[in-house]
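# Structural description and commentary
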Amino acid sequence: MLIRVDLATFPLGKTLAKDLYSSDGRLLMPRGIILKEFHLQQLLQRGYEHIFVLEDESSSSNSGSSSKNEDTRLPEVFSNTVENIRDMMAAVSAGHMVKPSEVNESIDILLPEVTGTNNVMKHLLNLRNKDEYTLQHSVSVGVMSIKIGQAMKLSDKQLKNLGIAGLLHDIGKCKIPIEIINKPGPLNEEEFKEIQNHPIYGYRIVNDIKLPDPDISTAVLQHHEHQDGHGYPLKAKGKDITLFANIIAVADVFDALTSDRAYRPKMPLLKAIDHIVKSTLGHLEPMVARRLFTYILDISIGETVLLNNGEKATVVLINELDPTRPLVRIGDKFIDLKTEKDIFIQDLLT
Ligand SMILES: [Fe+2]
């Protein structure tokens, strides 16, 4: 049941009933989102006077119907964001400036979908097969950063700025010769040094966009710094590294580990978490890594997983001491991976 409402009535909390597109044909706001203040302000600024919303959003049916809608919108919103990043990187490569409005359009569509959906991983995994690495990686890191930030109870404004920093964290790579970026073999010393400049290039590009929050460009600059000072480009350490940079670093490592690369196959999801928890001491901030860990645990219950014996099982109970070894069910049979040491989760199925 659609109803047309006057934007001047400020229909906060209503569900948008039709997709809205910008004048150049880009999806501006997908149907199914719950209208928040920043959506309405954005529409008013763009000259909209009326929109269509779903009638009679009772509080009892609200959460169920909206999460279903949002779930189905994610692939489209992710693809849209990939295209926006592609456009921004192409503009920078060609020597043009990116406008703050382009960045805001991307994040304003992405943010409510990501914060309103529990299991974003399935959709991210699907995205990985379709686009070149830097683009899908940028969107994945933006999305995972938002989920970690949400688990840390950051404000909406902080989540927005964190999401922008995540989406743009590797934008400096468009200043590096494509032969170096795509080189399948090991890099020589000179090439490696050039790659290590991408946070500095990114910092300059993001500063040129003139976004209001300086934390965004600082996070881009610091996303390869390590807690122990062995990162790059500035060898910052510990408390000198900002929260946003720490969050993006965790999302960056996690996404890199779980993506297929020219030089190695992807690591199964739970193995990657295990690796982050056990093998990144001195690199990643442990409390932030734990938030990612908690988030993945949240989505594991009820998930279908592939075991190393080739069987598909459903996760029914998490083992808190070793979350990669939960209790799983295959039909009527339960297997406790805590005790069945020969069986382990190979991957999550999408
Ligand atoms: Fe990077």
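Since the structure is predicted, the reported quantities are computational estimates derived from the model, not experimental observations.

What follows is about the environment of L16. Relative to the helices and strands, L16 is located in the loop between β1 (2-6) and β2 (20-21). Classification of L16 by relative accessible area gives buried; the value is 2%. Taking the C-alpha atoms as reference points, L16 and R31, 15 residues apart in sequence, are found 4.9 Å from one another. Excluding residues that lie within four positions of it along the chain, L16 makes contacts with M29, P30, R31, G32, I33, L35, I51 and F52.

Moving on, we get to the coordination of the iron ion. Protein-derived coordination of the iron ion comes from D170 (OD), H198 (NE2), H223 (NE2) and H224 (NE2), at a distance range of 2.1 to 2.3 Å. With four donor atoms in place around the iron ion and angles of 85 to 175° between them, the coordination shape is irregular. Considered as a linear motif, the donors of the iron ion on their single chain read D-x27-H-x24-H-H. Of this pair, D170 sits in the loop between α6 (156-168) and α7 (178-181) while H223 sits in the loop between α10 (214-222) and α11 (243-257), and the two are 53 residues apart along the sequence. An identical accessibility class is assigned to D170 and H223; each is buried.

A few words now on the environment of P177. Structurally, the position occupied by P177 is in the loop between α6 and α7. A relative accessible area of 35% places P177 in the partly exposed class.

Here the focus is the packing of aromatic side chains. The relative placement of two aromatic rings is captured by the distance of their centres and the angle of their planes. What the rule picks out here adds up to zero aromatic pairs. The ring of F52 carries K18 above its face, with NZ or CZ at 4.3 Å from the centroid.

With that settled, the discussion passes to the confidence of the model for the protein. In the predicted model, the protein carries a mean pLDDT of 84, and the fraction of residues at 70 or more is 91%. When mean pLDDT is compared element by element in the protein, α10 scores highest at 97, while helix α2 (residues 59-93) scores lowest at 69. Across residues 57-71, confidence stays below pLDDT 50; counting only partners more than four residues off in sequence or on other chains, it has 15 contacts.

We now examine the domain arrangement of the protein. Structurally, the protein comprises domain 1 (1-57), domain 2 (66-299) and domain 3 (304-348). Computed over C-alpha atoms only, the centres of domain 1 and domain 2 are separated by 29 Å. Of the residues lining the interface, 16 residues belong to domain 1; the matching set on domain 2 comes to 16 residues. Taken together, both faces of the contact between domain 1 and domain 2 bury some 1500 Å²; the carbon and sulfur share is 47%.

Turning our attention to the pattern of salt bridges. Here the structure, examined in full by the defined rule, presents nine salt bridges. Across the salt bridge formed by K173 and D170, the nearest N and O atoms sit 3.3 Å from each other. By relative accessible area, which is 17% here, K173 ends up buried. Its relative accessible area of 2% is what places D170 among the buried residues. Several salt bridges share partner residues, and in doing so they unite D19, R73 and E76 into one network.

Strand order in the open sheet formed by five strands is β8-β7-β6-β5-β9, with antiparallel pairing between adjacent strands. Since the sheet does not close on itself, it has two edges, and those belong to β8 (333-336) and β9 (345-348), each with one partner. Strand-to-strand twist across the sheet, computed as the mean angle between neighbouring axes with direction ignored, equals 40°. Two elements, strand β5 (residues 304-307) and β9, share three bridges in a ladder whose sense is antiparallel. Paired with L307 across the bridge in β9 is I345.

What counts and what doesn't
Residues numbered from 1 in each chain as written. Predicted model: local features only at pLDDT ≥ 70, side-chain atom pairs only at ≥ 80, totals over all residues. Heavy atoms only, no water. Helix = DSSP H or I, 4+ residues; strand = E, 2+ residues; numbered from the N terminus. Buried < 20%, exposed > 50% of the residue type's maximum accessible area, 1.4 Å probe, protein only. Contact = heavy atoms within 4.5 Å. Donors = N, O, S within 2.8 Å, 3.2 Å for Na, K, Ca; no water. Tetrahedral: all angles 85-135°; square planar, octahedral: opposite > 155°, others 65-115°. Phe/Tyr/Trp six-rings, centres within 6.5 Å; stacked < 30°, edge-to-face > 60°. Lys NZ or Arg CZ within 6 Å of the ring centre and 35° of its normal. pLDDT = per-residue confidence, 0-100. Domains from an automatic or database assignment. Buried area = accessible area lost by both parts, 1.4 Å probe. Salt bridge = Lys/Arg side-chain N within 4 Å of Asp/Glu carboxyl O. Pairing = 2+ DSSP bridges. Axes fitted to C-alpha atoms, helices over the stretch in contact; angles between N-to-C directions.

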